[in-house]
Amino acid sequence: MAIDVDTLQKLRTPMEVPPLDLSWLNLNDGHTYGLRAKPGKRGLTLDEIEIGPPGEVPEQSDNRSIRVRGSHPRPEAPRVPGSYVGRADVYSENARLLYEEAVQRQWSSATDIPWNELQPLPDDIERAMCQLCTFLTEVEFIAGDTPGQWLPKINSEHHETKLFLLTQIMDEARHLDVFRKRAFANGGGLLSSLPQDGLRVIIEAKDFTEMSAIMHVAAEGFVQSLFRMGEYIGQNDAEKRIFRMCGQDESRHLGFGVMHLKYVMDNEPWRREEIHHYLDRVETTLAPDPTDDPVSFALFEALAILMGGGIKNIDSGINMSMQVQKKRVNEYMHRLNVAGLGDRRERMNPMLKQFLDN
Ligand SMILES: [Fe+2]
Ligand SMILES: [Fe+2]
């Protein structure tokens, strides 16, 4: 292709260098220039760098652009749609710590699970494990999709929460894949998809605190109590380790949710009834009625088979399965106590309340 004469002429003319501006060199007059963050015992963590004015998380932010906390604003910066401005809307005091812990404790489902320990299992037990894995794979999809939806709504000045949610997404990706891998690693495969109404409540939440109370505190709390019973549910070291490793990650997700809820209760106590309203909704999905929801009951039966050691011991398995439900409900109540919602005890859905210790 021929180059036209004008273009050729321009290329041959020496380029005009624009006059230097360099005004940005003078911006940092005592604002952040001179701040020197020092590594602590655990290295240069977020806690170590969040010092001086940029380390202060604003209670209200008028920042609607993607300007990061501590930098100089530009008047022409475009707005990004719809982020929260209040700290209490999204904040949790432990977000920095949880982020650092998450980064340090990543693991691989490919190499950190002793897959060679898997041996052929009796048919009923293999199928029960695979039904549980099918359910958990679906659950983990929502647990990853949901924080993903909320990322753009977090103000860039509240980056601690954004960072924490990003680690949660990675954790949930690994949970999703580890349960899928287990389903295909020992002959059982994936079984029945379960009713997803409970999961929709999570992804349809319209407010950050609503989402966090429903997902982190209630739903993931129930999953965590299940993981903690992994020593009884797992049939071999590979499965026990899967539950242990996932439980370790899940503690962070719960920890964020409980401390966010506590932050809201401490700083915006007038939101109490609103939060009870969200819990009313999610509790109905955590206590399905087996008479009108036989498919949800499949999970309960699968757990009973796993913990009892086969269909032949289903009675003792059902007793143990009831113990799991009891553990879940009491741990849920304990977390709400920590968050400052001890009055939930009186208001809990009767299908769950029946399991509460006095
Ligand atoms: Fe998970
Ligand atoms: Fe989780």
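Note that the coordinates shown come from a computational prediction; the quantities given were computed from them, not determined experimentally.

Caption draft 1: The arrangement of the overall build of the protein in detail. For the protein, the count of helices and strands is 15 helices and zero strands. C-alpha atoms of the protein, sized along the principal axes, occupy 90 × 60 × 45 Å. Between the centroid of the 41 positive side chains of the protein and the centroid of its 54 negative side chains there is a distance of 3 Å.

Caption draft 2: Representation of helix α8 (residues 208-228) within the structure. Maximum bend of α8: about 40°, positioned at G221. With respect to burial, α8 is a largely interior element, 20 of its 21 residues being buried. Here α8 starts with a cap whose side-chain oxygen sits 2.9 Å from the backbone nitrogen of T209, and that cap is D207.

Caption draft 3: Layout of the nonpolar core. Judged by nonpolar contacts, the single largest core of 77 residues is most densely connected at L132, L136, F179, F208 and I233. Top element by residues in this core is α8. It accounts for 12 residues.

Caption draft 4: Seen up close, unusual backbone geometry. Positive phi, normally seen in glycine, also occurs at L22, with a value near 60°. Tracing the chain through its elements places L22 in the loop between α1 (5-12) and α2 (46-49). Its relative accessible area of 39% is what places L22 among the partly exposed residues.

Caption draft 5: View of the coordination of the iron ion (ligand 2). Around the iron ion (ligand 2), the protein supplies E172 (OE), E220 (OE), E250 (OE) and H253 (ND1) as donor atoms, at distances of 1.7 to 2.2 Å. Around the iron ion (ligand 2) sit four donor atoms, and with donor-metal-donor angles ranging over 89 to 165° the site reads as irregular. Mapped onto the sequence, the donors of the iron ion (ligand 2) take the spacing E-x47-E-x29-E-x2-H. In this structure, the iron ion (ligand 2) is positioned 3.2 Å from the iron ion (ligand 1), and both are ligated by E172. Within this pair, whereas E172 is found in helix α6 (residues 159-185), its partner H253 is found in helix α10 (residues 237-267), the two being separated by 81 residues in sequence.

Caption draft 6: Quick look at the coordination of the iron ion (ligand 1). At 2.0 to 2.5 Å from the iron ion (ligand 1) lie its protein donor atoms, namely E140 (OE), E172 (OE), H175 (ND1) and E250 (OE). Taken together, the four donor atoms surrounding the iron ion (ligand 1) define angles of 80 to 152° at the centre, an arrangement classified as irregular. In the primary structure, the donors to the iron ion (ligand 1) are separated according to the pattern E-x31-E-x2-H-x74-E.

Caption draft 7: Fine view of the packing of aromatic side chains. Taken as a whole, this structure holds nine aromatic pairs when the rule is applied. Residues F179 and F243 carry aromatic rings whose centres are separated by 6.1 Å and whose planes lie at 45° to one another, so their mutual orientation is tilted. A residue pair is termed long-range when its members are at least 10 positions apart, and F179 in helix α6 and F243 in helix α10 qualify at 64 residues. A relative accessible area of 2% places F243 in the buried class. Three or more aromatic residues joined by ring pairs form one cluster here, namely Y84, W150, F164, F208 and F256. Over the face of the ring belonging to W150 we find K153, whose NZ or CZ atom lies 5.0 Å from the ring centre.

Caption draft 8: Highlighting the environment of E204. For E204, the location among the structural elements is in the loop between α7 (197-203) and α8. Assessed through its relative accessible area of 33%, E204 is described here as partly exposed. Along the sequence, E204 and T146 sit 58 residues apart, while their C-alpha atoms lie 8.7 Å from each other. Side-chain polar atoms of E204 contact the side chain of R200, separated by 2.7 Å.

Caption draft 9: Geometry of the environment of R281. Assignment of secondary structure puts R281 in helix α11 (residues 272-286). Assessed through its relative accessible area of 35%, R281 is described here as partly exposed. Along the primary structure R281 and G198 are separated by 83 residues, whereas in three dimensions their C-alpha atoms are 9.3 Å apart. Sequence-distant contacts of R281, defined by excluding residues within four places in its chain, comprise V201 and E210.

Caption draft 10: View of the side chain of T167. For T167, the position within the fold is in helix α6. Each residue touching T167, except ones within four places of it in the same chain, is listed here: Y99, A102 and V103.

Caption draft 11: Main features of the environment of F243. The spatial distance from the C-alpha of F243 to the C-alpha of R105 is 15 Å, given a sequence separation of 138 residues. Setting aside residues no more than four positions away along its own chain, F243 makes contact with M129, L132, L136, F179, F227, G230, I233 and G234.

Caption draft 12: Looking closely at the packing of helix α5 (residues 123-150) against α6. Where α5 contacts α6, the axes come no closer than 8 Å and their chain directions differ by 160°. With respect to α6, the element α5 is oriented roughly antiparallel. Remark: the crossing between α5 and α6 carries left-handed chirality. Considered class by class, the residues forming the contact of α5 with α6 number 13 nonpolar, five polar and five charged.

Rules used in this analysis
- Residues numbered from 1 in each chain as written.
- Chains lettered and ligands numbered in written order.
- Predicted model: local features only at pLDDT ≥ 70, side-chain atom pairs only at ≥ 80, totals over all residues.
- Heavy atoms only, no water.
- Helix = DSSP H or I, 4+ residues; strand = E, 2+ residues; numbered from the N terminus.
- Lys, Arg positive; Asp, Glu negative; His and termini not counted.
- Charge placed at Lys NZ, Arg CZ, Asp CG, Glu CD.
- Bend = angle between axes of the 7 residues up to and from the residue.
- Buried < 20%, exposed > 50% of the residue type's maximum accessible area, 1.4 Å probe, protein only.
- Polar contact = N/O pair within 3.5 Å; in protein donor to acceptor, adjacent residues only side chain to side chain.
- Core = buried A, V, L, I, M, F, W, Y, C linked by side-chain atoms within 4.5 Å.
- Donors = N, O, S within 2.8 Å, 3.2 Å for Na, K, Ca; no water.
- Tetrahedral: all angles 85-135°; square planar, octahedral: opposite > 155°, others 65-115°.
- Phe/Tyr/Trp six-rings, centres within 6.5 Å; stacked < 30°, edge-to-face > 60°.
- Lys NZ or Arg CZ within 6 Å of the ring centre and 35° of its normal.
- Contact = heavy atoms within 4.5 Å.
- Axes fitted to C-alpha atoms, helices over the stretch in contact; angles between N-to-C directions.
- Parallel < 35°, antiparallel > 145°, perpendicular 65-115°, else oblique.
- Left-handed = near helix turned anticlockwise from the far one by under 90°.
- Nonpolar A, V, L, I, M, F, W, Y, C, P; charged D, E, K, R; others polar.

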